[in-house]
Amino acid sequence: MIFAVAMTFIDQTIVAIAVPKIQAELHLSINGVQWVVNAYLLALASMFAFGGRLADTLGHRKMVVIGIVVFTLASVACGLTPGHGSAAEAWIVTFRVIQGLGGAIMYPAALAIVVSAFPARERGRALAIFFGVSGGLTAIGPILGGYLSEWTWRAIFWVNVPVAIIALILTALARPHTETRPGRLDFRGLVLIAGGVGLAIFGLQQTQVWGWTNPVAIACMVVGVLLLVAFFYVEPQISQPLIDVSTFRIRAFAVQNIVLFISMIVFIPIFFFASIYAQVSLGDGPQEAGLYLLVFFAGFAPGVQVGGRRLDRSGAKIPVVAGCVIAAVGLALWGSSVTTLSLNSQWYYIIIAGFGLGLMLGPSNTDAINQVGRLSYGEATGVTQTTRNFGASFGLAFLGTLLVTVERNHLVSRLIGLGIPSGAAHGVATTIAQNHESTPRSSVHGALATHVYHAAQLSIADGMQAVLYAMGAVMVIAAIVARVGLRPGIHVADDRNGESAPADSVAAGEAGPHQPAEPRQQI
């Protein structure tokens, strides 16, 4: 299952590195380039809930195989994008959407198989491996993208083919067996949640282009939220709903989804912003920028392992709260050192931040899924992944605006200090801040170019500092929510009545990986 989902995690970051070459060869517009990245993320986020319910209904193994095939064929098609201009733009964006649909079908089913294969007391360690590897693949994406795009940008899509073949072979050998919940599919719920999530995230994405005050962006976000409110109103009235919204009455499930939303404001955006900082402020190339991100993973990987073991021994509250606090401290210390423009003064703080996020993310995700019965693992995974993508999209929009604003203001001041007229300084600063050029010296010419380049390096570092401080504050909020909302101890679903109960009370009825659970004692 790790091989199955590997493609979806790598794809979240690998494409961003190759975007300049894609744009140059296909002659894409600025808007088209943005959609090469956003179309995949938007389709993935809007269809996660449907993918989870589909897996619970039709079978998890079947949906993993279908998802792998759809994702891989779409990847090959992206790599075969013909021509240039509007036709090429329509081709690659269309198949990026299909890639997202394949990922949304595959991921909830894969995670449901892993959860079903282990009793509650062993899931922490199992999913620590799952989330640890997936987090590493997210960090490796920029490195892999840098190397492959030196040959051809098309290779970043074709690399999914051998991974898919291995995943299909391993799935056939493993022959995973899970129980299903046959029933009708709720297409009315699908339209509401896909439309709501899609519009809300689209509005957030477009704030980077149109601004936060643009009426179209605001309208998209408002209509999206209204559709989601309608979804939560309509679903309880349906006999076989897409999502059983009463699950949110389970305290741990609701709290962990809030914690995941808050923490994902930090986790995915940190890769994008750190990559910009490494390439511009530190002057690294794409490969070196990827290695900079691996420092973060050096802390994340052991953190996720420690968090999984603590979850199995004492429940989710301790590792989640502690992880949020450690991440907040690490991010604040990291922020205090970025303006030195030296990795030597930052790496240990980056590791601390990575360790904290690893410590809390795995247990939080696993604990949320543990709160539902074995027939709803796919549905629960769809919910948690939708929540995570919402958080990441909000983080990219909000923190991206913060980065650009702080960077531009500091750069204007520095350029005026160099003797550049105010109007010209604002123009140069806006260009650099909006494009995050890896070679900002190209924005001006002559003797001042070197000074402008250094001013841009420092200003982007100032923006990165503000982003990291904000991320630290976000993790403090996550720690407070977890501290107040979570109860001590291990709590898993009682499959008989669907409520969350202490693990010891239901341990006797825990099913093995290939056996149905016995009816559990009423709690």
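Quick caveat: nothing in here was measured; it's all calculated off a predicted structure.

## A few points about the pattern of salt bridges
In this structure the tally under the stated criterion is two salt bridges. A salt bridge links E25 to R154, with the shortest nitrogen-to-oxygen separation between them at 3.1 Å. Within this pair, whereas E25 is found in helix α1 (residues 2-26), its partner R154 is found in the loop between α5 (120-151) and α6 (155-158), the two being separated by 129 residues in sequence. Put simply, D462 and R414 hold a salt bridge, and the shortest N to O gap is 2.8 Å. Of this pair, D462 sits in helix α16 (residues 449-485) while R414 sits in helix α14 (residues 377-417), placing them 48 residues apart in sequence.

## A few points about the packing of helix α10 (residues 251-280) against helix α13 (residues 347-370)
The N-to-C vectors of α10 and α13 enclose an angle of 145 degrees; their axes lie 9 Å apart at closest approach. Of the two elements, α10 crosses α13, and the hand of that crossing is left-handed. In this structure, α10 uses A252, F253, Q256, N257, V259, L260, S263, M264, V266 and F267 to contact α13, whose residues at the interface are L357, M360, L361, P363, S364, N365, D367 and A368.

## Some details on the packing of aromatic side chains
Enumeration over the complete set of coordinates arrives at 20 aromatic pairs. Residues W153 and F157 carry aromatic rings whose centres are separated by 6.3 Å and whose planes lie at 90 degrees to one another, so their mutual orientation is edge-to-face. With relative accessibility at 2%, the residue W153 sits in the buried group. Here the aromatic rings of W347 and Y348 are separated by 5.2 Å at their centres, their planes lie at 75 degrees, and the arrangement is edge-to-face. One aromatic cluster is present, formed by F267, F271, F296, F297 and F300 through successive ring pairs.

## Remarks on the confidence of the model for the protein chain
In low-pLDDT regions, the fine details of the predicted coordinates are not to be read closely. Residues of the protein chain with pLDDT of at least 70 account for 90%, and the chain-wide mean is 83. Mean pLDDT across the elements of the protein chain bottoms out in helix α17 (residues 503-506) (48) and peaks in helix α12 (residues 317-337) (96). Counting interchain partners and residues more than four positions distant, the pLDDT-below-50 stretch residues 438-443 has 15 contacts.

## Thoughts on the packing of helix α8 (residues 187-210) against α14
Describing two packed helices takes the angle between their axes plus the distance from one axis to the other. Contact geometry for α8 and α14: axes closest at 8 Å, N-to-C directions at 20 degrees. What the angle tells us is that α8 and α14 run roughly parallel. In this structure, the crossing between α8 and α14 has a hand that is left-handed. Only T386, N389, F390, S393, F394, L396, A397, G400 and T401 of α14 make contact with α8, whose side of the interface consists of V197, A200, I201, L204, T207 and Q208. Tallied by class, residues from the contact of α8 with α14 come to eight nonpolar, seven polar and no charged.

## Quick look at unusual backbone geometry
Phi is positive for R175, which is not a glycine, with a value near 45 degrees. Tracing the backbone through its elements, the reader meets R175 in the loop between α7 (160-174) and α8. Located in the positive-phi region is L341, a residue other than glycine, with phi close to 55 degrees. Position of L341 among the secondary structure elements: in the loop between α12 and α13. Exposure remark for L341: the relative accessible area of 24% places this residue in the partly exposed category.

## Regarding the side chain of Q206
Mapped onto the elements of the fold, Q206 is located in helix α8. Overall, Q206 belongs to the buried group, its relative accessible area being 1%. The contacts of Q206, once residues within four sequence positions are left out, are N31, Q34, W35 and G211.

## Overview of the nonpolar core
Note on soluble globular proteins: their nonpolar side chains tend to be buried together. Ranked by size, the top nonpolar core spans 142 residues in total, and within it I22, W334 and M475 carry the most contacts. At 18 residues, the largest contribution of residues to this core is made by α10. Not counting the four nearest positions on each side in its chain, I22 is found in contact with H27, L28, V36, I92, W153, I156 and F157. In this structure, L411, V412, A429 and A455 belong to the second largest nonpolar core, which totals 11 residues.

Reading guide: rules and limits
Residues numbered from 1 in each chain as written. Predicted model: local features only at pLDDT ≥ 70, side-chain atom pairs only at ≥ 80, totals over all residues. Heavy atoms only, no water. Salt bridge = Lys/Arg side-chain N within 4 Å of Asp/Glu carboxyl O. Helix = DSSP H or I, 4+ residues; strand = E, 2+ residues; numbered from the N terminus. Axes fitted to C-alpha atoms, helices over the stretch in contact; angles between N-to-C directions. Left-handed = near helix turned anticlockwise from the far one by under 90°. Contact = heavy atoms within 4.5 Å. Phe/Tyr/Trp six-rings, centres within 6.5 Å; stacked < 30°, edge-to-face > 60°. Buried < 20%, exposed > 50% of the residue type's maximum accessible area, 1.4 Å probe, protein only. pLDDT = per-residue confidence, 0-100. Parallel < 35°, antiparallel > 145°, perpendicular 65-115°, else oblique. Nonpolar A, V, L, I, M, F, W, Y, C, P; charged D, E, K, R; others polar. Core = buried A, V, L, I, M, F, W, Y, C linked by side-chain atoms within 4.5 Å.

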